[in-house]
Amino acid sequence: MHNLDLEIRSTIEPHVLGVLRAMVTSVSTQAGFDEEAVAQIEMAVDEACANVVRHAYKHLGYSSDFAGEEQCDAALPRLFNPQDESDVHLTLQICVDEEAICFRIIDSGAGLESHTHSRMGVESLEEYIEKGGTGGLGSLIIRNFMDKVEYDTAPNGGTILTMTKYRQRTTASST
Amino acid sequence: MHNLDLEIRSTIEPHVLGVLRAMVTSVSTQAGFDEEAVAQIEMAVDEACANVVRHAYKHLGYSSDFAGEEQCDAALPRLFNPQDESDVHLTLQICVDEEAICFRIIDSGAGLESHTHSRMGVESLEEYIEKGGTGGLGSLIIRNFMDKVEYDTAPNGGTILTMTKYRQRTTASST
Amino acid sequence: MKNYDLTIHPADSSHSFRRVDVIGCLDSHTVVGFEKSLHNLLDEGVTRLLIDLSELSYISSAGISALMGLTHRLRKNNGDLVLLKPTEKVHRVFRTLGFTNIFKIVEDENEVEASFTGTGSES
Amino acid sequence: MKNYDLTIHPADSSHSFRRVDVIGCLDSHTVVGFEKSLHNLLDEGVTRLLIDLSELSYISSAGISALMGLTHRLRKNNGDLVLLKPTEKVHRVFRTLGFTNIFKIVEDENEVEASFTGTGSES
Ligand SMILES: Nc1ncnc2c1ncn2[C@@H]1O[C@H](COP(=O)(O)OP(=O)(O)O)[C@@H](O)[C@H]1O
Ligand SMILES: Nc1ncnc2c1ncn2[C@@H]1O[C@H](COP(=O)(O)OP(=O)(O)O)[C@@H](O)[C@H]1O
């Protein structure tokens with residue numbers, strides 16, 4: 001595949017994670033990445049999108065973590081409802097070119113706490129286990145499976161996560 | 001699945017059709033449509049998107065019909081290139097609610113010729129065969145497989161195709 | 001998960017038809033290469049063509065129109081096109097749209113030879 | 001193409017462990033129901049748990065953390081968690097991240113009984 005740019009904007013809904021995975025898998029495969037790389041890309045992007053669904057809008061009460069599905073949905077803003085111009089959504093941008101595939105995951109949520117900004121999640125499997133094996137694995141997966149990872153704060157205070165996987169380079173490998 | 005709204009904007013690239021099908025199949029399945037309905041939705045949306053790729057920007061020279069892939073791509077504008085703010089792309093909106101799944105396919109292309117506007121493609125398989133079996137089948141498929149289909153002209157002159165499939169109603173069935 | 005692939009089997013004197021397998025998706029993009037390859041084959045003089053659809057996971061109107069074009073051209077030359085074992089998904093599309101009355105579809109490989117009724121004969 | 005399904009097999013006196021099959025995707029969404037169901041099972045007194053992963057097509061960090069939580073809780077009660085035949089895709093994730101050193105993974109159903117080494121015994 002030659003160049004392809006895609007942008008997906010979606011409401012915050014837990015089911016969207018499966019939909020985005022289907023899309024990301026299809027783009028990466030058509031971009032020519034092999035099965036193992038595609039699985040790594042799928043997982044890294046899923047972790048990033050899950051973080052938006054779970055963490056970014058917690059302060060507004062939208063989180064699959066502490067709301068039953070029904071309660072949660074009742075209050076969800078719609079993307080295409082002109083009466084509802086709130087900015088609660090997830091944007092995923094995908095760029096494919098000759099060298100790499102690049103993903104940008106954007107939310108307009110609460111943003112990262114300043115200490116997580118410089119050092120997201122856990123640094124290693126050992127740290128993950130030491131801390132009881134409960135959190136921070138998502139960031140570790142993102143850093144392990146992608147070649148370049150960058151967190152930024154959006155002008156509106158939300159989070160922008162940019163991650164790139166190059167065509168040639170290999171990251172964490174199972175062999 | 002409860003309510004979900006998605007919007008996908010993409011550059012005009014033939015490979016995007018497969019990516020959009022993967023996404024549409026995943027959304028429709030998660031929305032609870034059965035296998036046959038999902039296949040019909042996949043096909044109807046694919047036909048609409050293929051029409052954008054093939055017809056909408058023909059006047060600008062972007063068409064998988066008459067350009068070799070390389071020539072075609074060389075000139076393609078990028079979605080995320082700030083230097084390239086031309087409006088050559090495809091937008092697919094997806095809305096899921098309790099009653100239906102609704103798709104809106106939007107381009108900013110040349111628009112439909114006025115005579116096709118009122119009567120797209122062929123009316124029946126018989127007409128398709130009479131005309132030599134070459135064109136118009138896409139519109140027939142869209143009308144057969146979706147419950148409600150509407151073509152509009154966008155303010156910028158492009159085409160807006162809105163199509164809906166209801167959860168209960170059955171359209172063309174194979175039995 | 002290959003998106004599209006076409007295998008053209010070499011001519012085989014044990015049967016009267018030429019066989020190709022099409023794998024993956026036949027959409028308005030991949031159909032371009034598909035049509036080119038198959039019309040080249042017809043240019044070589046093939047009049048009886050068998051297309052194995054058992055691994056075709058998707059077909060769009062462009063793919064159906066390509067099969068229509070091949071059917072027309074082959075029948076004009078007293079040959080024919082036979083489609084072998086389409087997947088349930090593709091078969092259902094043919095059925096729903098009425099193409100089962102137009103295309104010759106065979107489920108059993110042993111019935112392929114008998115299903116070619118035209119007079120054209122080649123390997 | 002079901003997205004997620006969990007089958008909890010009834011207790012069976014012919015072996016010392018309880019078996020569940022998880023099908024589809026274990027992501028940060030579906031993991032919520034998965035954790036609830038399995039911790040309920042542990043509340044009932046199950047200390048040896050076999051999870052069949054042969055039809056698990058995807059696992060995210062949330063799914064892995066859920067398996068970690070079950071492992072901790074079971075081992076604390078002298079029981080254990082055994083994972084049966086993960087798909088190559090899921091197995092590769094475990095391997096790449098180092099979880100093959102933590103989870104007990106068994107490829108052969110006949111070796112499941114022997115792989116439970118704790119003292120807890122129940123059906
Ligand atoms: N988009 C986001 N918006 C706000 N906070 C975030 C976002 N992404 C990650 N975080 C924060 O970073 C932390 C680490 O994330 P992660 O490594 O995925 O582990 P986990 O989600 O299991 O806590 C989260 O707990 C959350 O506080
Ligand atoms: N988005 C669009 N922009 C411009 N023209 C379009 C668009 N969609 C469809 N058309 C026109 O409508 C005609 C009928 O389309 P269709 O039924 O899909 O058949 P086909 O694409 O095989 O011609 C096309 O030939 C084209 O001229």
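Residues numbered from 1 in each chain as written. Chains lettered and ligands numbered in written order. Predicted model: local features only at pLDDT ≥ 70, side-chain atom pairs only at ≥ 80, totals over all residues. Heavy atoms only, no water.

1. Concerning the packing of aromatic side chains
Link 1 in the chain: The full count for this structure, using the stated rule, is eight aromatic pairs over all chains.
Link 2 in the chain: Judged by centre distance (5.9 Å) and plane angle (80°), the rings of Tyr128 of chain A and Phe99 of chain D are edge-to-face. With Tyr128 of chain A in helix α5 (residues 125-130) and Phe99 of chain D in the loop between α3 (88-97) and β5 (104-106), this pair bridges two chains.
Link 3 in the chain: Owing to a relative accessible area of 0%, Tyr128 of chain A belongs among the buried residues under this scheme.
Link 4 in the chain: A connected cluster of aromatic rings, assembled from ring pairs, spans Tyr128 of chain A together with Phe94, Phe99 and Phe103 of chain D. (Phe/Tyr/Trp six-rings, centres within 6.5 Å; stacked < 30°, edge-to-face > 60°. Helix = DSSP H or I, 4+ residues; strand = E, 2+ residues; numbered from the N terminus. Buried < 20%, exposed > 50% of the residue type's maximum accessible area, 1.4 Å probe, protein only.)

2. Thoughts on the site of ligand 2
All names here are of chain B.
Link 1 in the chain: Neighbouring ligand 2 are 15 residues, the closest being Asn51, His55, Asp107, Gly136 and Ser139.
Link 2 in the chain: Here His55 contributes a side-chain N or O atom positioned 2.9 Å from an oxygen atom of ligand 2.
Link 3 in the chain: Here Gly136 contributes a backbone N or O atom positioned 3.0 Å from an oxygen atom of ligand 2.
Link 4 in the chain: Protein contacts shield 83% of the accessible area of ligand 2, which totals 540 Å² for the unbound molecule.
Link 5 in the chain: Only α2 (35-56) and α6 (137-145) provide two or more residues apiece to the shell around ligand 2.
Link 6 in the chain: With five residues, the single largest contributor to the shell around ligand 2 is α2.
Link 7 in the chain: When its residues are assigned to classes, the shell around ligand 2 shows four nonpolar, nine polar and two charged. (Near = heavy atom within 4 Å. Polar contact = N/O pair within 3.5 Å; in protein donor to acceptor, adjacent residues only side chain to side chain. Areas by Shrake-Rupley, 256 points an atom, 1.4 Å probe, with all protein chains shown as cover. Nonpolar A, V, L, I, M, F, W, Y, C, P; charged D, E, K, R; others polar.)

3. A look at the packing of helix α1 (residues 16-30) of chain B against α2 of chain B
Residue and element names in this part refer to chain B.
Link 1 in the chain: Where α1 meets α2, the closest approach of the two axes is 9 Å, and the angle between their N-to-C directions is 150°. Considering their axes alone, α1 and α2 lie roughly antiparallel with respect to each other. When you trace α1 past α2, the crossing you get is right-handed. Touching Leu17, Leu20, Arg21, Val24, Thr25, Ser28 and Thr29 of α1 are Val38, Ile41, Glu42, Val45, Asp46, Cys49, Ala50 and Val53, all from α2. (Axes fitted to C-alpha atoms, helices over the stretch in contact; angles between N-to-C directions. Parallel < 35°, antiparallel > 145°, perpendicular 65-115°, else oblique. Left-handed = near helix turned anticlockwise from the far one by under 90°. Contact = heavy atoms within 4.5 Å.)

4. Points about the nonpolar core
Link 1 in the chain: One finds Phe34 and Ile51 of chain C together with Ile51 of chain D to be the most contacted residues of the largest nonpolar core, which totals 161 residues.
Link 2 in the chain: When neighbours within four sequence positions are excluded, Ile51 of chain C is seen to be in contact with Val20, Val22, Phe34, Leu38, Leu67, Leu70, Leu81, Val82, Leu83 and Leu84 of chain C. (Core = buried A, V, L, I, M, F, W, Y, C linked by side-chain atoms within 4.5 Å.)

5. Let's talk about unusual backbone geometry
Link 1 in the chain: Positive phi outside glycine occurs at Asn78 of chain C, with the angle close to 60°.
Link 2 in the chain: Within the secondary structure layout, Asn78 of chain C lies in the loop between α2 (61-76) and β4 (80-84).

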